[in-house]
Amino acid sequence: LMMSLTPSRGCLLDLPWEDILVPHILCHLPLQQLLSLQRVSKLFQSLIQLYLANMRSFDSSQIGPAIPRAAFVNLLKDNEVLQQLSLQNCSDWLTDKELLPVIGQNHHLHQIQLKGCAQLSRHALVAISLSCPNLRQLSLAHCEWVDSLSLRSLADHCKALEAVDLTACRQLKDEAICYLVQKCSRLKSLSLAVNANVGDVAVEEIARCCPELEHLDLTGCLRVKNDSIRVLAEYCPKLRSLKVKHCHNVAESSLSILRSRGVELDVEPPLQRALVLLQDVVGFAPFINLQI
């Protein structure tokens, strides 16, 4: 990397662009620095444009949350080989107008992150379902525009999904979740956190349809009760973690089954919770004889 960046001296730009520079050198530089290189010369501008057209992964956080709309469109206008797209927390500028062309020309995407992109609409999810048949991971956390119809489209066309984050997608009810898991039985990770509309019907259907399930987040799902947790324990032998904090109708009587199997829970056993509370209040819980 000590070679000169000046085109007239040869060296760097004399290397094969598509075989060496793009796949083996430029990929190790931060995207923001690569964009700055475009100002060095017209040759460097051409090189960076070639790199952008061949990127397999784009993460907006490498540039910053406030990317100008026109800049984002220009960055990906020639790319048709993206596999990973991360645009989380871009609610200030990202709309369907900017996203849909990128989705429409990239049919190899297997990972999409749209957490907190509040200005999108259901049309974005429909476009994803129609353009990305190989999708494996999708995050729509805090995207309240996600509705049952667009989720059905996703389920119908993206049956290879393995991880879906629907945290705080508050329009979704049991029926929509049931349809999703019936069609996408390969799910290993699912988050339905902060959704008061999700209850036992959805959880039991998840258990019966997704035998490969490893991680389930039900934080704040107030309608979930003990019965569905028992069904989950019966039908999901590969479950590794379960989050049920603030699920006030889920008790230790159902959680103990999972706890005995080594499943990671975000709720402590009753005795442990009592000791922590006592320590917070009076400061001497560590001295209690647990053999009493």
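In case you missed it, the structure is sitting above this.
Predicted, not measured: the structure shown is a model, and the values here were computed from it.

Asks: Would you mind going over the overall build of the protein chain in detail, with residue names and values included?
Replies: Along the protein chain, the regular secondary structure elements total 12 helices and nine strands. Counting across all 292 residues of the protein chain, residues that qualify as buried make up 45%.

Asks: Account for the environment of leucine 52, naming residues and giving values.
Replies: Here leucine 52 lies in helix H3 (residues 42-53). The class for leucine 52 is buried, based on a relative accessible area of 2%. Here the alpha-carbon distance between leucine 52 and leucine 82, two residues 30 residues apart in the chain, equals 9.9 Å. Residues within four places of leucine 52 in sequence aside, it is in contact with Leu31, Leu35, Leu75 and Asn79.

Asks: Could you give me a rundown of unusual backbone geometry, with the residues and numbers involved?
Replies: One non-glycine residue, asparagine 89, lies in positive phi territory at about 60°. Mapped onto the elements of the fold, asparagine 89 is located in the loop between strand E2 (84-86) and helix H5 (96-104). Assessed through its relative accessible area of 45%, asparagine 89 is described here as partly exposed. In this structure, histidine 142 is a non-glycine residue whose phi angle is positive, near 60°. Within the element layout of this structure, histidine 142 appears in the loop between strand E4 (137-139) and helix H7 (148-157). Histidine 142 gets classed as partly exposed once you look at its relative accessible area, which sits at 41%.

Asks: Quick rundown of the pattern of salt bridges? Include the residues and the values.
Replies: Tallying each qualifying case throughout the model produces 10 salt bridges. The partner of aspartate 78 in a salt bridge is lysine 77, and the shortest N-O contact between them spans 2.9 Å. On the basis of relative accessibility, which here comes to 44%, the residue aspartate 78 falls in the partly exposed class. One salt bridge connects arginine 230 with aspartate 227, and the closest N-O pair in it is separated by 3.2 Å. Taken together, the residues span about one helical turn, with arginine 230 and aspartate 227 both in helix H10 (residues 226-235) at a distance of three residues.

Asks: Tell me what's going on with the packing of H7 against helix H8 (residues 174-183), and back it up with residues and numbers.
Replies: Across the interface, H7 lies against H8 with an axial gap of 8 Å and an inter-helix angle of 5°. On the basis of the axis angle, H7 is roughly parallel to H8. When H7 is examined against H8, the residues Ser148, Leu151, Arg152, Ala155 and Asp156 are found in contact with a partner set consisting of Ala176, Ile177, Tyr179, Leu180 and Lys183.

Asks: Outline the packing of aromatic side chains, supporting the account with residue identities and numerical values.
Replies: All chains considered together, the criterion is met by two aromatic pairs. The rings of Phe58, Phe72 and Trp93 are connected pair by pair, giving a single aromatic cluster. The positively charged end of arginine 152 is found above the aromatic ring belonging to tyrosine 179, 3.7 Å away from the centroid.

So, how was this worked out
- Residues numbered from 1 in each chain as written.
- Predicted model: local features only at pLDDT ≥ 70, side-chain atom pairs only at ≥ 80, totals over all residues.
- Heavy atoms only, no water.
- Helix = DSSP H or I, 4+ residues; strand = E, 2+ residues; numbered from the N terminus.
- Buried < 20%, exposed > 50% of the residue type's maximum accessible area, 1.4 Å probe, protein only.
- Contact = heavy atoms within 4.5 Å.
- Salt bridge = Lys/Arg side-chain N within 4 Å of Asp/Glu carboxyl O.
- Axes fitted to C-alpha atoms, helices over the stretch in contact; angles between N-to-C directions.
- Parallel < 35°, antiparallel > 145°, perpendicular 65-115°, else oblique.
- Phe/Tyr/Trp six-rings, centres within 6.5 Å; stacked < 30°, edge-to-face > 60°.
- Lys NZ or Arg CZ within 6 Å of the ring centre and 35° of its normal.

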